[in-house]
Amino acid sequence: MRDPKGDVSCRASVLFTSGYCECENGRVVALVGCGMHSFTCFDRCRELGAQGMPLPRLMTCPSGQQQQLQRRMQQQEASPAGNASTAASAGASGGGGRSLAASNSTSSVAVASSSAVGGTGETSNGSPAALDRGALPDRSAELWEELVSTVRKHDPKPPVLLSKRTEDDDWLREGGSMPAGLAGRLTASLRDYIAAVAAPDVPGGTAPPATQRGRGIVMVSGGLRYMVSAWISIAMLRRSGSSLPVEMWFPVLEYPTAAVVEALRARGVTCRAFAVADLDQAGYALKVAAIMLSSFSEVLFLDADNFPLADPQPLFESEQYRRAGCVFWRDYWAPTAVPALARVLGIPPADMPASTFEAGQMLIDKRRHWRGMRVALYFNYYNEVWYNLFTDYMGWGDKETFYYAFLAAREAVYYVPTPTGSVGMRRHFCRRFKTRQLCREVFTGNSMVQYDLGGTNSTASTAGADAGTAAARPLFLHANLEKWSLRLPDSFSDYVRRWQLLQPGGEEFPAWSERELGLDLERYVFDQARSFRCAPFFDEYYEVRRRHGDPPIPPLNGLHTLMPGIEFHQMYRLGHAGTYVELFERSALDTFLFRLGVASRTVLPAVKRALRRLWGGKKLARLLFKLERRLRNGLLATST
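Calculation rules
- Residues numbered from 1 in each chain as written.
- Predicted model: local features only at pLDDT ≥ 70, side-chain atom pairs only at ≥ 80, totals over all residues.
- Heavy atoms only, no water.
- Helix = DSSP H or I, 4+ residues; strand = E, 2+ residues; numbered from the N terminus.
- Contact = heavy atoms within 4.5 Å.
- Pairing = 2+ DSSP bridges.
- Axes fitted to C-alpha atoms, helices over the stretch in contact; angles between N-to-C directions.
- Disulfide = S-S within 2.5 Å.
- Buried < 20%, exposed > 50% of the residue type's maximum accessible area, 1.4 Å probe, protein only.
- Core = buried A, V, L, I, M, F, W, Y, C linked by side-chain atoms within 4.5 Å.

### Structural notes on the environment of phenylalanine 526
Here comes step 1: Residue position: phenylalanine 526 is located in helix α17 (residues 521-533).
Here comes step 2: In the structure, phenylalanine 526 is positioned 34 residues away from phenylalanine 492 in sequence and 7.4 Å away in space, judged by C-alpha atoms.
Here comes step 3: Filtering out sequence-adjacent residues up to four positions away, phenylalanine 526 remains in contact with Met59, Leu488, Pro489, Asp490, Ser491, Phe492 and Tyr495.

### Here we look at the side chain of aspartate 305
Here comes step 1: Structurally, the position occupied by aspartate 305 is in the loop between β9 (298-302) and β10 (306-308).
Here comes step 2: When residues no more than four places from it in sequence are discounted, the contact partners of aspartate 305 are Ser229, Leu477, His478, Ala479, Asn480 and Lys483.

### So, the sheet that holds strand β2 (residues 19-22)
Here comes step 1: Strand order in this open sheet of three strands is β2-β3-β5, and the pairing throughout is antiparallel. The strands lining the two open edges of the sheet, one partner per strand, are β2 and β5 (53-54).
Here comes step 2: As paired elements, β2 and strand β3 (residues 28-32) share four bridges and run antiparallel to each other. Across the sheet, residue tyrosine 20 finds its bridge partner in β3, namely leucine 31.
Here comes step 3: Here helix α1 (residues 41-48) sits on the sheet in contact with β2 and β3, set at roughly 70° to β2.

### Details of the state of the cysteines
Here comes step 1: All chains considered together, the criterion is met by three disulfides.
Here comes step 2: One disulfide bridge connects cysteine 61 with cysteine 534, the sulfur atoms lying 1.8 Å from each other. Measuring handedness by torsion sign, the sulfur bridge of cysteine 61 and cysteine 534 sits at about -90° and is left-handed. Taken together, the residues cysteine 61 in the loop between β5 and α2 (65-76) and cysteine 534 in the loop between α17 and α18 (538-547) connect sequence positions 473 residues apart.
Here comes step 3: By relative accessible area, which is 31% here, cysteine 61 ends up partly exposed.
Here comes step 4: Not engaged in a disulfide, the cysteine cysteine 10 finds its nearest cysteine sulfur in cysteine 41; these two sulfurs lie 5.3 Å apart.

### A look at the nonpolar core
Here comes step 1: Counting 137 residues, the largest nonpolar core has Phe328, Trp386, Leu521 and Phe532 as the members making the most contacts within it.
Here comes step 2: At ten residues, helix α8 (residues 223-239) tops the list of elements feeding residues into this core.
Here comes step 3: Residue contacts for phenylalanine 532: discarding those within four places in its chain leaves Leu224, Met227, Val228, Trp231, Leu486, Phe537, Phe538 and Tyr541.
Here comes step 4: By size, the runner-up hydrophobic cluster in this structure holds 15 residues, among which are Phe443, Leu501, Ile566 and Phe568.

### Considering the sheet that holds strand β6 (residues 215-220)
Here comes step 1: On the basis of which strands lie adjacent, the open sheet formed by six strands has the order β8-β7-β6-β9-β12-β11 and mixed pairing. Across the chains shown, the open sheet's two edge strands, defined by having one partner strand only, are β8 (269-273) and β11 (326-330). For this sheet the average axis-to-axis angle between neighbouring strands, irrespective of direction, equals 20°.
Here comes step 2: Along the sheet, helix α10 (residues 285-293) contacts β6, β7 (246-250), β8, β9 and β12 (357-365); its crossing angle with β6, the most-contacted strand, is approximately 155°.

Below, the structure written as structure tokens:
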């Protein structure tokens, strides 16, 4: 994004730094990369003449462009990956899909019909209009009240909350421990709650309602920020050949307009609203609520920014899922849970996982894991109490709660053995040393790659990874770092690709997607974003979202936008362990700094705890923590 404060005059000498030269005609710029250079933009523009890159315009829809876009998308979708011969995929992959939508709408719960929702999808007070009840009554409000009534009766009410651990302020690394009595209080509270939800007469039941049946995909969306990604995700799903029905849940004030509801219905999507009391409409509990209140008994949950690369339906038939009734996928990082977590959960320390997890995709049979889901609801309802036990700043949120909830409920668990991959960009990181500048090209990941189960497995596993699985293939591309938005240039030729490299392996991602998917995936996604921007419903929907406080689509300010990414090599140097270390090349210096960082997270806390026992030990421990951080940051700065 452009930084006007960094602008200099065209006659100023440019040393080392990177950026653009904007020439006098205002239409031509030259990208200047890092390296050994010294010049003025006045001279560079004179050399360029009429050459260079045009300043990109923000995506628009001039007359005739939508028709060209539609023809190109029809060509891209003519041979979708997977089972392209099914009537469902043939109908849902394009703009039609009426046969699939009709079959879904007759059997689903709480389909939002265009006649019921009205012109803007709102009532006079700003909430969505009445939902079409469909063939079955919608009991979501009643069920939610039954579920949370038990949760409220077991409020842990700790006398003090654990503070959120950050890189620069971590009570655990400073040698601290949980306050006296807190672990025991949380242990008793969780034990009593699990016993309560296992009682045969508990409100909300020990199994999901009988009206919840069948298999389907559940998503949470809302607002322009998530709807663009959700639109793309559904397009990818239907292009894969999947005919799985989809329920898309929205916070009450983010329910889409009638025209958007109808457009989603044409793609086999049922829109539902969180029209329930006592639910933070912007909080982490939305994910667990959507899963538990959905009309399906078997759920594949997908984040709105998660794009299926192949039909996910075979997951429901896998041996691993049939045995455990759930499938989880791992995150990049090693666990950072507090040491007392196993005792709090009431499980043997040996059952604690050796990995963290991400919740961008989860496969759950609610009939077998209703108690575990109720524990996950408990963790998310009182998130200010529980989140700080599961992780530090590397993954704070709801993503660990599901796996740990199933462990606490003594239910079978399974996670995919293939480590998480990444798609991202090559970026240059540079540092100036007097009259020299040294640059290093590194991989920065911006989207997670999650794999399938690698075929039928002959070995049983309910606590973790399998041995001897067949080669796994990428199944989900989770654009977790930054959502796809409409802040895009008008032409794909002006677009800077975010998906350049696939790791591990180092293969060029455009070539991989052409070979494995039969299309340039990023170009396809770009076109899908344009199809949303240029759809007949967009202007009305955008106006409604702006009235509800969504920010406007920001301008490009004349520059080509670059995608931020996770600097994996820098995370490694900070001592963060995890499977991500296979995603980049490591030098001897990298490894030394990593070991130093690991020591700061394992050995030094024990030293600090000993210092705390001495007179004034707390101050000495804090001083040691600051000195350690200053030393590590100094080494990182000089070794870039």
